[in-house]
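# An overview of the molecular structure
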Amino acid sequence: MTRIVVLLALLSSWLDFDVRIQEVVQSHRRPVLEAPMQWASGFGKPPIVLGGLLALAIFGGPSGVETARYAILVLIPTNVIVEVTKRITHRTRPDGESKGSNAAFPSSHAANSFALAWVLWRRWPRAGLLLFSCAALVAYSRIYLNRHFFSDVLVGALVGLVCGWLVEAVLKRRAEAARTRTESIANR
């Protein structure tokens, strides 16, 4: 019983924190920032993401195709986790929208942006600061536009990063196993 009370107290504190951050961000909205934030938020939309990956595959040569495949492999579990969690939590958005299929928690824009930042950072390590800054801007734009609370984008970002890391680990393990099999066949 004590654990439940502690858990509820922590959850209540976190929700209060979410609301306080939302209030601060909303109190600082300015007309001049509306268009740039809408633009930044647009980078998390599926047509933009998939179009970017298609361009990478077409114009990026063999490594572009490989990177686009890797991105798709990361985005699949990222989106499955996000969509299942949205349907389970059914969290109302800060602007009041309450559709189960489009719940606030977690942010798919943040999840996809950070998953892609991970993939592209692994391909172009020197661009890491720029890539993760862009992902953070997309995530912040969702708070600014009153579509998500801070915890929505934080958990979304973590989902994207963890999926990127896990898929990379699985791919490395599979490549290592294939290399070992090839070496054992060659040594017979």
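Sequence order sets the numbering: in each chain, residues are counted from 1 along the sequence as written. For this predicted model, a pLDDT threshold of at least 70 governs which residues receive local features, and a threshold of 80 or more governs which side-chain atom pairs are given and counted, while totals over whole chains, interfaces and linings are taken from all residues. Only hydrogens and water are set aside; all other atoms, that is, all heavy atoms of the structure, feed into the side-chain values.

### Quick look at a nonpolar patch on the surface
By definition, no residue in a patch forms a salt bridge, and every one has over 30% relative accessible area; like charges are joined within 9 Å, nonpolar side chains (Val, Leu, Ile, Met, Phe, Trp, Tyr) within 5 Å. Computed by Shrake-Rupley with a 1.4 Å probe, the accessible areas treat only the displayed protein chains as cover when residues are assessed. By salt bridge we mean one thing: a side-chain nitrogen of Lys or Arg within 4 Å of a carboxyl oxygen of Asp or Glu. Side chains of Leu50, Ile72, Ile76, Val80, Val84 and Ile88 sit close together on the surface and give an oily, nonpolar patch of about 560 Å² of accessible area. Looking at the nonpolar patch element by element, the count peaks at five residues for helix 4 (residues 61-89). Tracing the chain through its elements places Ile72 in helix 4. A run of DSSP states H or I qualifies as a helix once it reaches four residues; a run of E qualifies as a strand once it reaches two. Both are numbered from the N-terminal end.

### Here's the deal with the packing of helix 5 (residues 108-123) against helix 6 (residues 128-144)
Angles here are taken between N-to-C directions and fall from 0 to 180 degrees, while the axes themselves are lines fitted to C-alpha atoms, restricted in helices to the stretch in contact. Where helix 5 meets helix 6, the closest approach of the two axes is 9 Å, and the angle between their N-to-C directions is 175°. Taken together, helix 5 and helix 6 sit at an angle that is classed as roughly antiparallel. Each of His109, Ala110, Ser113, Phe114, Ala117, Trp118, Leu120 and Trp121 in helix 5 lies in contact with helix 6, whose residues at this interface are Gly128, Leu131, Phe132, Ala135, Ala136, Val138, Ala139 and Arg142. Side-chain classes follow a simple rule in which Ala, Val, Leu, Ile, Met, Phe, Trp, Tyr, Cys and Pro form the nonpolar group, Asp, Glu, Lys and Arg form the charged group, and the remainder, Gly included, forms the polar group. Each residue belonging to the contact of helix 5 with helix 6 can be placed in one class, and the counts come to 12 nonpolar, three polar and one charged. Just so you know how the angles are binned, under 35 degrees is roughly parallel, over 145 roughly antiparallel, 65 to 115 roughly perpendicular, and the rest oblique. Contact between two residues is taken to exist if any of their heavy atoms lie within 4.5 Å; hydrogens are not considered.

### Considering the pattern of salt bridges
Taken as a whole and assessed by the stated rule, the structure comprises four salt bridges. When the shortest N-O distance is used, the salt bridge between Arg91 and Asp152 registers 2.7 Å. Separated by 61 residues along the polypeptide, Arg91 in the loop between helix 4 and helix 5 and Asp152 in helix 7 (residues 150-186) bring together distant segments of the chain. For the residue pair Arg91 and Asp152, the accessibility class agrees, reading buried in each case. Residues Arg122 and Glu168 are paired through a salt bridge, measuring 2.7 Å at the closest nitrogen-oxygen approach. Placement of Arg122 in helix 5 and of Glu168 in helix 7 is noted, with a sequence separation of 46 residues between them. Whether a residue is buried, partly exposed or exposed follows from its accessible area with a 1.4 Å probe, protein chains only, as a fraction of its type maximum: under 20%, in between, or over 50%, in that order. Its relative accessible area of 10% is what places Glu168 among the buried residues. The structure contains a network of salt bridges with shared partners spanning Arg122, Glu168 and Lys172.

### Points about the side chain of Ser141
Relative to the helices and strands, Ser141 resides in helix 6. We classify Ser141 as buried; its relative accessible area is 0%. Polar contact criterion, stated in full: a pair of N or O atoms within 3.5 Å, where within protein one must be able to donate a hydrogen and the other to accept it, and residues adjacent in sequence count only if both atoms are side-chain atoms. Side-chain polar atoms of Ser141 contact the backbone oxygen of Val138, separated by 2.6 Å. Not counting residues up to four positions away in its chain, the partners in contact with Ser141 are Met37, Ala40 and Ser41.

### Brief notes about the layout of surface pockets
The distinction between a cavity and a pocket rests on a 1 Å grid over the protein atoms alone: a 1.4 Å probe fits inside a cavity but cannot get out, while a pocket stays open yet meets protein on both sides within 12 Å along at least five of seven lines, and a residue with an atom within 4 Å of a point counts as lining. Grid points are joined across faces, edges and corners, and a volume is the space filled by probe spheres set on the points. Roughly 490 Å³ of internal volume is contained in the largest pocket. For the largest pocket, the lining is made up of 19 residues, of which Phe43, Leu116, Leu120, Leu131 and Cys134 are closest to its centre. For the lining of the largest pocket, the secondary structure elements donating two or more residues are helix 2 (31-42), helix 3 (46-59), helix 5 and helix 6. Broken down by element, the residue count for the lining of the largest pocket peaks at six residues, all from helix 6. There is about 290 Å³ of room inside the second largest pocket. What lines the second largest pocket is Ser63, Glu66, Thr67, Arg69, Tyr70, Leu73, Arg122, Arg123, Glu168, Leu171 and Lys172. Counting only elements with at least two residues in the lining of the second largest pocket, the list comes to helix 4, helix 5 and helix 7. Tallying contributions element by element places helix 4 first for the lining of the second largest pocket, with six residues. Partitioned by chemical class, the residues of the lining of the second largest pocket number three nonpolar, two polar and six charged.

### What about the packing of helix 2 against helix 6?
Their axes nearest at 8 Å, the elements helix 2 and helix 6 cross at an angle of 125°. Relative to helix 6, the element helix 2 is oriented oblique. In this structure, helix 2 meets helix 6 at a crossing whose hand is left-handed. Of the residues in helix 6, those in contact with Leu33, Glu34, Met37, Ala40 and Ser41 of helix 2 are Leu137, Val138, Tyr140, Ser141, Arg142 and Tyr144. When grouped by side-chain class, the residues that make up the contact of helix 2 with helix 6 number seven nonpolar, two polar and two charged. Each helix crossing is assigned a hand: it is left-handed if the near helix lies turned anticlockwise from the far helix by less than a right angle, otherwise right-handed if that turn is clockwise.

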